[in-house]
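# Working through the structure, step by step
The chain contents come next:
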Amino acid sequence: FLWASRRPLLLAVAMLAVLVLAGEPWNHDPKMRLISAWPMWLVVVPLIWGFAVFHNEGPDNRLYFWSMPTDRSGQTLARLAAGLTWLWVSYIGLIVAGWLFGLMDGNAWQLAEIGVAGWVNFFTGPLLVYLSISLLTVPSNYPIRWFFGILFVIPLFISLFVDWIAELEDVLETVFAPLINEDWGFFVTMIGGWLKDLDRLEVTLQNMMDPGATTISAFDAARYWWAATPLWIIVMAAVVTFVATRHPDALPRWRGLRRGGS
């Protein structure tokens, strides 16, 4: 399916277009050209791609499972692996394109300033977002509804009731601690390899807007990024695998199909 699909090509073209548009005002700084669009690389692209892998193919529409002599769970995991492969191939293309732009500008040497953690983050950050979205696309027929429901309903609930129930604040801090912890939380792990580069980017942008101002970056180094990254990947992969292997074994009755039936 994905191997013969046009979706990966569209993904690669879209990423290249963003890289080209990110060239101003970084024509002579290929490092900043790559990093300035970091919300796109680490959040938007893997999020959209995660939904695209199972677009219009929720659990009730995956009839192709029944035409193959393999386990449904195996098919689901194989499709997730194929989607991740294409995602990473696109990011390899993105990095190669970034180096080519640098060579054309004569400033490719600046890309060496990104560092090992930054290059690794090009792949681990999108992977974490991809796995997170897979928790919605694998078991649900309406993953986009769930996504926006979680995105808006939970903050709305918190804003409405946090002032009424004093004890709720402590509970929320405990529940969301794994996500927002400044040293090893999920969100800081997504961008932790880039934090030093993002710090330089923020200071540069502030100096461009107001050269005389004293700039203090809002970014800080993730102390345990190298340890937190594989831990979060293992945890998320384990949860996705668990969800993928818990599909119902029977198709909906209204389709008139049964396991072992004709």
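Relevant structure appears above.
Throughout what follows, the structure given in this document is the object of discussion. (Residues numbered from 1 in each chain as written. Predicted model: local features only at pLDDT ≥ 70, side-chain atom pairs only at ≥ 80, totals over all residues. Heavy atoms only, no water.)

Along its length, the chain carries ten helices and zero strands. Counting from the amino terminus, the chain carries its helices and strands in the arrangement α-α-α-α-α-α-α-α-α-α. Put simply, the chain has 262 residues, and 40% of those count as buried. Sequence-distant contacts, at least 24 apart, represent 76% of the contacts inside the chain between residues at least 6 apart. When the accessible surface of the chain is summed, it comes to about 14900 Å², and 69% of that surface belongs to carbon and sulfur atoms. (Helix = DSSP H or I, 4+ residues; strand = E, 2+ residues; numbered from the N terminus. Buried < 20%, exposed > 50% of the residue type's maximum accessible area, 1.4 Å probe, protein only. Contact = heavy atoms within 4.5 Å. Areas by Shrake-Rupley, 256 points an atom, 1.4 Å probe, with all protein chains shown as cover.)

Looking now at a nonpolar patch on the surface. Taken together, the side chains of Ile92, Val96, Leu100, Leu103 and Met104 define a hydrophobic patch exposed on the protein surface, amounting to about 520 Å² of accessible area. Turning to its location among the elements, Leu100 is positioned in helix α4 (residues 72–105). Leu100 gets classed as partly exposed once you look at its relative accessible area, which sits at 48%. (Patch = residues over 30% accessible without salt bridge, like charges linked within 9 Å, V, L, I, M, F, W, Y side chains within 5 Å. Salt bridge = Lys/Arg side-chain N within 4 Å of Asp/Glu carboxyl O.)

Attention now goes to the packing of aromatic side chains. This model, assessed by the stated rule, comprises ten aromatic pairs. Summarising the aromatic geometry, the rings of Phe51 and Phe147 are spaced 5.6 Å apart at their centres and angled 75 degrees between planes, so their arrangement reads as edge-to-face. Taken together, the residues span a long stretch of sequence, with Phe51 in helix α3 (residues 38–53) and Phe147 in helix α6 (residues 143–161) at a distance of 96 residues. Considered together, Phe51 and Phe147 belong to a single accessibility category, that of buried residues. Between Phe147 and Phe148, the ring centres sit 5.2 Å apart and the planes meet at 80 degrees, which makes this aromatic pair edge-to-face. (Phe/Tyr/Trp six-rings, centres within 6.5 Å; stacked < 30°, edge-to-face > 60°.)

Before going further, it helps to spend a moment on the packing of α3 against α4. Interhelical geometry of α3 versus α4 gives an angle of 145 degrees and a closest axis separation of 11 Å. The two elements α3 and α4 cross, and the hand of that crossing is right-handed. Within the contact between the two elements, α3 uses Met40, Trp41, Leu42, Val45, Pro46, Trp49 and Val53 and α4 uses Arg79, Gly83, Trp86, Leu87, Tyr91 and Leu94. (Axes fitted to C-alpha atoms, helices over the stretch in contact; angles between N-to-C directions. Left-handed = near helix turned anticlockwise from the far one by under 90°.)

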